[in-house]
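Structural features, examined
These are the residues of each chain, in order.
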Amino acid sequence: MNTLLVLGGARSGKSRYAQTRAEALDGELVFVATGQALDAEMADRIARHRADRGPRWITVEAPIELAAAVRSESREDRVLLIDCLTLWTTNLLLAERDIPAAAEALIAAIADAAGPLILVANEVGLGIVPDNPLARRFRDEAGRVNQQVAAAVDGVVFVAAGLPLKLK
Amino acid sequence: MNTLLVLGGARSGKSRYAQTRAEALDGELVFVATGQALDAEMADRIARHRADRGPRWITVEAPIELAAAVRSESREDRVLLIDCLTLWTTNLLLAERDIPAAAEALIAAIADAAGPLILVANEVGLGIVPDNPLARRFRDEAGRVNQQVAAAVDGVVFVAAGLPLKLK
Amino acid sequence: MNTLLVLGGARSGKSRYAQTRAEALDGELVFVATGQALDAEMADRIARHRADRGPRWITVEAPIELAAAVRSESREDRVLLIDCLTLWTTNLLLAERDIPAAAEALIAAIADAAGPLILVANEVGLGIVPDNPLARRFRDEAGRVNQQVAAAVDGVVFVAAGLPLKLK
């Protein structure tokens, strides 16, 4: 399997599962981080995640220009782990970018990737309808990105309580 | 399979999956819509969904009287797609109807249906507990309707990121 | 299978599924309740659940000291049903207890249990990010407890609309 999407909820163990899958592959390990430390809570979370990954990983930041990062970083002897598509969607939404166009560019970059790619995404549509319109729009955009990427990759797993369930 | 329940989150691709399943069957295609255009956002969503379905479909509206619509519309040479049970539950709640009684009437109508039925429902119970009591009651009622209908139909699938997972 | 974790959303049928699994086993049935009747809505829910279980069950309350309850109640000829871990996490959070330490103590008690154990937990991480920091912290802690317990038990199922899906 060359491209894998790992879907899951918050604290589902999806990032750890994706890392374990990446570490089982041969090659350099590149973590493509979409998170931005916009506040202390996020900065703390990012620092803990980086420490958890350990020294085998190099980290590249791509909060917005994710397709370009995939194109410039992917190599035959490298495993790229993109964590996560949902933060990327948030960043695009806040930056008022064209999300469908960005998703198409990402999918084209995935198709052209020279080495294996593992992508992590949140499933956010299984609670009640959010009160505020921006949250509803985010939920719609994130769900659409998940569907588009799921259709484009070789494999999809859903992770709950750290355990994977094969969707594709 | 004569009766199928398609469960999924918001923007999970459940409606599209249900339509694809319906279109693969022989017979006239009847879309039983439970959504009501109560505001501009809903009206826009309904119009887009109707355009997405295309001209093969005829649409019947049944925001409240769903069991009666199933009884009057179901025929041996017709496929009924009911989208969705969760909006119907919302409508019943807002109209202060007896939801368990309405669900029982629906299940009796499903059992008596002359042709295939596909029902779509939202899974809404996988986020944190909502702050407001009405949202909690809605979540409980929607979950109960899903359980009752799931027990009554031949097949149930859970859709995430456009991909089906067989539950029954 | 000696230890089973049943995961699911609100009104997913997870408690009923767990009870059915417990009732299919030989031995005395002990319900270990973590819920506390802090308000009328909770008190009503607890009373309804107790009535639903019927007279075959004896009930023990363990809102905080769950590991101790497992140690004192587990016997070779008894089935313990713990419902649920997520309310227990809520109680620990409100009581400002050390949740990771409590989870480790619980896992040690599970490992030492003399008879079968069935544990119920909510999956709460599949909606959008909650606005308030306490809800976010709760969501993180609940997800971590689910992952830890899922790793420690023999079997894990995810229940949606009353139907189980095997995760482990």
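Above this text is the structure in question.
Attention here is on the structure that accompanies the text.

Procedures and definitions
- Residues numbered from 1 in each chain as written.
- Chains lettered and ligands numbered in written order.
- Predicted model: local features only at pLDDT ≥ 70, side-chain atom pairs only at ≥ 80, totals over all residues.
- Heavy atoms only, no water.
- Contact = heavy atoms within 4.5 Å.
- Buried area = accessible area lost by both parts, 1.4 Å probe.
- Salt bridge = Lys/Arg side-chain N within 4 Å of Asp/Glu carboxyl O.
- Polar contact = N/O pair within 3.5 Å; in protein donor to acceptor, adjacent residues only side chain to side chain.
- Helix = DSSP H or I, 4+ residues; strand = E, 2+ residues; numbered from the N terminus.
- Nonpolar A, V, L, I, M, F, W, Y, C, P; charged D, E, K, R; others polar.
- Least-squares fit on C-alpha atoms with pLDDT ≥ 70 in both.
- Buried < 20%, exposed > 50% of the residue type's maximum accessible area, 1.4 Å probe, protein only.
- Axes fitted to C-alpha atoms, helices over the stretch in contact; angles between N-to-C directions.
- Parallel < 35°, antiparallel > 145°, perpendicular 65-115°, else oblique.
- Left-handed = near helix turned anticlockwise from the far one by under 90°.
- Pairing = 2+ DSSP bridges.
- Core = buried A, V, L, I, M, F, W, Y, C linked by side-chain atoms within 4.5 Å.
- Arc of directions from axis to C-beta.
- Patch = residues over 30% accessible without salt bridge, like charges linked within 9 Å, V, L, I, M, F, W, Y side chains within 5 Å.
- Areas by Shrake-Rupley, 256 points an atom, 1.4 Å probe, with all protein chains shown as cover.
- Phe/Tyr/Trp six-rings, centres within 6.5 Å; stacked < 30°, edge-to-face > 60°.

1. With respect to the interface of chain B and chain C
Interfaces are often sized by the accessible area lost when the parts come together. In this assembly, 19 residues from chain B lie in contact with 24 residues from chain C. Summing both sides of the interface, chain B and chain C together bury roughly 1700 Å²; the carbon and sulfur share of this comes to 63%. Between the two partners, chain B and chain C, sit 3 salt bridges. Between chain B and chain C we count 6 residue pairs in polar contact (both at pLDDT 80 or more) in total. With 8 residues, helix 6 (residues 133-152) of chain B is the largest single contributor of residues to the side of chain B that touches chain C. Across the side of chain B that touches chain C, the residue classes break down as 7 nonpolar, 5 polar and 7 charged.

2. Some words on the relation of the copies chain B and chain C
The two copies are related by a screw motion: chain B maps onto chain C through a turn of 120° and a shift of 0.0 Å along the axis, at an RMSD of 0.0 Å. Seen this way, the second copy is the image of the first under a three-fold rotation axis. Relative to the rotation axis, the closest C-alpha in chain B is found at Gly127(B), a distance of 2.4 Å.

3. Description of the side chain of Glu73(A)
Residue and element names in this part refer to chain A. Mapped onto the fold, Glu73 is located in helix 3 (residues 66-73). In this structure Glu73 comes out as buried when scored by relative accessible area, which is 17%. There is a polar contact of 2.9 Å between the side chain of Glu73 and the side chain of Arg78.

4. Observations regarding the packing of helix 4 (residues 85-94) of chain C against helix 6 (residues 133-152) of chain C
Relative orientation and spacing of two packed helices are given, respectively, by the angle between their axes and the distance between those axes. Residue and element names in this part refer to chain C. The N-to-C vectors of helix 4 and helix 6 enclose an angle of 130°; their axes lie 10 Å apart at closest approach. Looking at the two axes, helix 4 sits oblique to helix 6. In this structure, helix 4 crosses over helix 6, and the sense of that crossing is right-handed. Within the contact between the two elements, helix 4 uses Leu85, Thr86, Trp88, Thr89, Thr90 and Leu93 and helix 6 uses Leu134, Arg137, Phe138, Glu141, Ala142, Val145 and Val149. Its residues assigned to classes, the contact of helix 4 with helix 6 comprises 8 nonpolar, 3 polar and 2 charged.

5. Concerning the sheet that holds strand 7 (residues 163-166) of chain B
All names here are of chain B. Strands sit in the order 3-2-4-5-1-6-7 across an open sheet of 7 strands; the sheet is mixed. The sheet is open, and its two edges are formed by strand 3 (57-61) and strand 7, each paired on a single side. Averaged over all neighbouring strand pairs, the angle between strand axes comes to 25°, with direction disregarded. Bridge analysis of strand 2 (residues 28-33) against strand 3 gives 5 bridges, and the strand direction is parallel.

6. Examining the nonpolar core
In this structure, Leu5(A), Leu85(A), Leu5(B), Leu85(B), Leu5(C), Leu85(C) and Val149(C) are the most contacted members of the largest nonpolar core, which totals 126 residues. Leave out the neighbours within four places in its chain, and Leu5(A) touches Leu85(A), Leu119(A), Ala121(A), Asn146(A), Val149(A), Ala150(A), Val153(A), Gly155(A), Val156(A) and Val157(A).

7. Some details on the environment of Val70(A)
Relative to the helices and strands, Val70(A) is located in helix 3. Leave out the neighbours within four places in its chain, and Val70(A) touches Leu80(A), Ile82(A), Leu106(A), Ala109(A), Ile110(A) and Leu117(A).

8. As for helix 3 of chain A
Listed as buried for helix 3 of chain A are Leu66(A), Ala67(A), Ala69(A), Val70(A) and Glu73(A). For helix 3 of chain A, the angular spread of the buried residues around the axis is 160°, confining them to a single face.

9. Describing a nonpolar patch on the surface
Together, Leu38(A), Leu94(A) and Leu134(A) line one region of the surface with nonpolar side chains, adding up to about 340 Å² of accessible area. Assessed through its relative accessible area of 49%, Leu134(A) is described here as partly exposed.

10. Some words on the sheet that holds strand 1 (residues 3-8) of chain A
Residue and element names in this part refer to chain A. Taken in spatial order, the 7 strands of this open sheet run 3-2-4-5-1-6-7, and their pairing is mixed. A single partner strand is all that each edge strand has here, and the edge strands are strand 3 (57-61) and strand 7 (163-166). For this sheet the average axis-to-axis angle between neighbouring strands, irrespective of direction, equals 25°. Alignment of strand 2 (residues 28-33) against strand 4 (residues 78-83), held across 6 bridges, turns out to be parallel. In the strand pairing of strand 4, Phe31 is matched with Leu81. The strands that helix 1 (residues 14-23) touches are strand 1, strand 2, strand 3, strand 4, strand 5 (117-122), strand 6 (155-160) and strand 7; relative to strand 5, the one it contacts most, it runs at about 175°.

11. Structural notes on the packing of aromatic side chains
All names here are of chain A. This structure, assessed with the given rule, holds 3 aromatic pairs over all chains. When the centroid spacing of 6.1 Å and the interplanar angle of 85° are considered together, the rings of Phe31 and Trp57 count as edge-to-face. Of this pair, Phe31 sits in strand 2 while Trp57 sits in strand 3, and the two are 26 residues apart along the sequence. As far as burial versus exposure is concerned, Phe31 and Trp57 are alike and both buried.

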